[in-house]
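# Examining the three-dimensional arrangement
One-letter residues, chain by chain:
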Amino acid sequence: MKSLANKNILLGVTGGIAAYKSAEIVRHLKKSGASVRVVMTRSAEEFITPLTLQALSGNRVSTELLDAEAEAAMGHIELAKWADGILIAPATANTIARLSSGRGDDLLSTVTLAFDGPISVAPAMNQAMWRDERTQENLKKLIDQDFGICGPGSGEQACGDVGLGRMLEPIDILDMFSLSFNEGTLSGKKILITAGPTQEPIDPVRFITNRSSGKMGYSLVEAALESGANVTLISGPVNIEPPSNCNFVSIKTAEEMYEAVMHHISGMDVYIGTAAVSDYSPAKASDSKIKKDGSSSPMVLELKENQDILKSVSELEQRPYVVGFAAETNDLIKNAEKKLSNKNLDLIIANDVSNKDIGFDSDDNEVTLITEKEKHLIERQNKRKVSKKIIDFISGRINDQNN
Ligand code: PMT
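Bear in mind that the values here come from a model prediction, so they are computed numbers and not experimental data.

With that out of the way, let us pick up the overall build of the chain. The helix and strand inventory of the chain stands at 14 helices and 19 strands. Relative to its length of 403 residues, the chain is compact, with a C-alpha radius of gyration of 24 Å against a globular reference of 22 Å. A principal-axis box enclosing the C-alpha atoms of the chain has dimensions of 85 × 55 × 35 Å. A burial count over the chain gives 51% of its 403 residues as buried.

This is the structure:
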């Protein structure tokens, strides 16, 4: 966790079973040298007492908006002026909905409205509530308004369900929250990265896919996060855990990836298409398992072309800095240059996938970064190091654009 020494942190606690973990959050914050004040919603008091958080923070806990005595001591405007950052943990679905619509009907929501600085929320709710379209829509609004989203994590829930929705562990939340104060090269920038393969169903048991382990895309996500960016990762099925401090969207098909990218693209500063998107999918997937017909005649599978996601992003009127990958088996540079111009990209990353030591599945890669004006080889090394260099290159270009 980056140091929070000398920072004034306002911790918002809302009414969920994970509220008991807020005591540990206060303890960690104090240990890292921060001053802490706690604001609780009324329902949070059903789960943990203000007295506990008062004893740990060393400050009176605020609970009411219209409390003359509390307002006289430190009212909602003073709290907003005092804070360097606000962390809301746990943040219930109701809190996320209320924050996303700018409600100001209790102390916590009013303080967030009056506050001009980094706000992060650590969602905690049942997995079905987390997946609900309305929650996801509200979350997107918060991301658009520059809120940091810490988690949630996946696992067994208090109600017995299993899935995404558990509040992250306090130390992981604080790891992410502390990045809000990061002065990295991409601090304050929003990056959308696609990774992994897509799967195009033929029938309920078979699909067409492309080779991709997700290693390249996921290491780019890590490098972008380390540079202070706010990262959304849209990924096909891979065997890698997504970093908990990014906004993670899981998809299977190219069409789902297209929809997810278009849903999240507005307001992004950079788009990086690392995913190995299937160019074609079966024209019509069969509802039941296709059986062998016993004849020796070849089976014909009719394919339709999928939308080119990268090209669709580069054609947007308000487009981000658009980066594509070119996975090539021959004429690497020539083919990559063609994609740079045909898809109207700012940068293409030429990736020789004929060499089994780099590219698909391997831990290493060697790539050439090509823009309209320059070519830059990143020699063979671990994908983490390659990613760091790619992210440094991109931040150099977008920071130049802004100067
Ligand atoms: O995941 P790993 O095992 O680590 O492997 C990494 C990788 C080799 C998959 C990665 O480095 C890579 O090269 N990704 C791009 C793979 C690919 O599909 O390349 P392409 O040349 O077919 O496509 C060109 C670009 O268009 C890519 O940015 C791709 O994301 C994008 N595209 C392609 C088709 C489509 N319908 N929509 C797209 O957006």
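Anyway, onward from the coordinates.
Turning our attention to the packing of aromatic side chains. Tallying each qualifying case throughout the model produces 1 aromatic pair. For the ring pair Phe177 and Phe181, a centre distance of 5.6 Å and an interplane angle of 85 degrees mean the geometry is edge-to-face. Taken as a pair, Phe177 and Phe181 share a single burial class, namely buried. Lying over the aromatic face of Trp82, Arg37 brings its terminal NZ or CZ to 5.2 Å of the ring centre. Sitting over the ring of Phe393, Arg397 keeps its end group 3.9 Å from the ring centre.

This brings us to the side chain of Thr274. Structurally, Thr274 can be placed in the loop between strand 13 (270–273) and strand 14 (280–282). What makes Thr274 buried here is its relative accessible area of 12%. In this view, Thr274 contacts Ile193, Thr194, Ala195, Met216, Gly217, Leu220 and Phe325; residues no more than four positions away in its chain are not counted.

Time to look at the site of the ligand. With respect to spatial proximity, 27 residues lie near the ligand, and among them Ser212, Ser213, Gly273, Lys339 and Asn351 are the closest. Taking Lys343, its side chain carries an N or O atom lying 3.0 Å from an oxygen atom of the ligand. Asp361 places a polar main-chain atom, nitrogen or oxygen, 2.7 Å from an oxygen atom of the ligand. When the free accessible area of the ligand is taken as 760 Å², the share hidden by the protein chains comes to 95%. Ranked by residues supplied to the shell around the ligand, first place goes to strand 16 (residues 321–328) with 4 residues. For the shell around the ligand, the residue count by class is 11 nonpolar, 9 polar and 7 charged.

We now examine the domain arrangement of the chain. Each assigned domain of the chain is listed here: domain 1 (8–178) and domain 2 (190–282 + 301–402). Between domain 1 and domain 2, a total of about 870 Å² is buried, with carbon and sulfur atoms accounting for 53% of that surface. Per-residue buried area on domain 1 facing domain 2 is highest for Lys140, Ile143 and Met176; these three make up 52% of the total on that side. For the interface between domain 1 and domain 2, the tally reads 1 salt bridge. In this structure, Asp146 and Lys190 form a salt bridge, with 3.1 Å as the shortest nitrogen-oxygen distance. Among the elements that make up the side of domain 1 that touches domain 2, the one with the highest residue count is helix 8 (residues 133–144) (5 residues). Here the side of domain 1 that touches domain 2 is composed, by residue class, of 5 nonpolar, 1 polar and 4 charged.

Criteria and cut-off values
Residues numbered from 1 in each chain as written. Predicted model: local features only at pLDDT ≥ 70, side-chain atom pairs only at ≥ 80, totals over all residues. Heavy atoms only, no water. Helix = DSSP H or I, 4+ residues; strand = E, 2+ residues; numbered from the N terminus. Rg over C-alpha atoms; globule rule 2.2 N^0.38 Å. Buried < 20%, exposed > 50% of the residue type's maximum accessible area, 1.4 Å probe, protein only. Phe/Tyr/Trp six-rings, centres within 6.5 Å; stacked < 30°, edge-to-face > 60°. Lys NZ or Arg CZ within 6 Å of the ring centre and 35° of its normal. Contact = heavy atoms within 4.5 Å. Near = heavy atom within 4 Å. Polar contact = N/O pair within 3.5 Å; in protein donor to acceptor, adjacent residues only side chain to side chain. Areas by Shrake-Rupley, 256 points an atom, 1.4 Å probe, with all protein chains shown as cover. Nonpolar A, V, L, I, M, F, W, Y, C, P; charged D, E, K, R; others polar. Domains from an automatic or database assignment. Buried area = accessible area lost by both parts, 1.4 Å probe. Salt bridge = Lys/Arg side-chain N within 4 Å of Asp/Glu carboxyl O.

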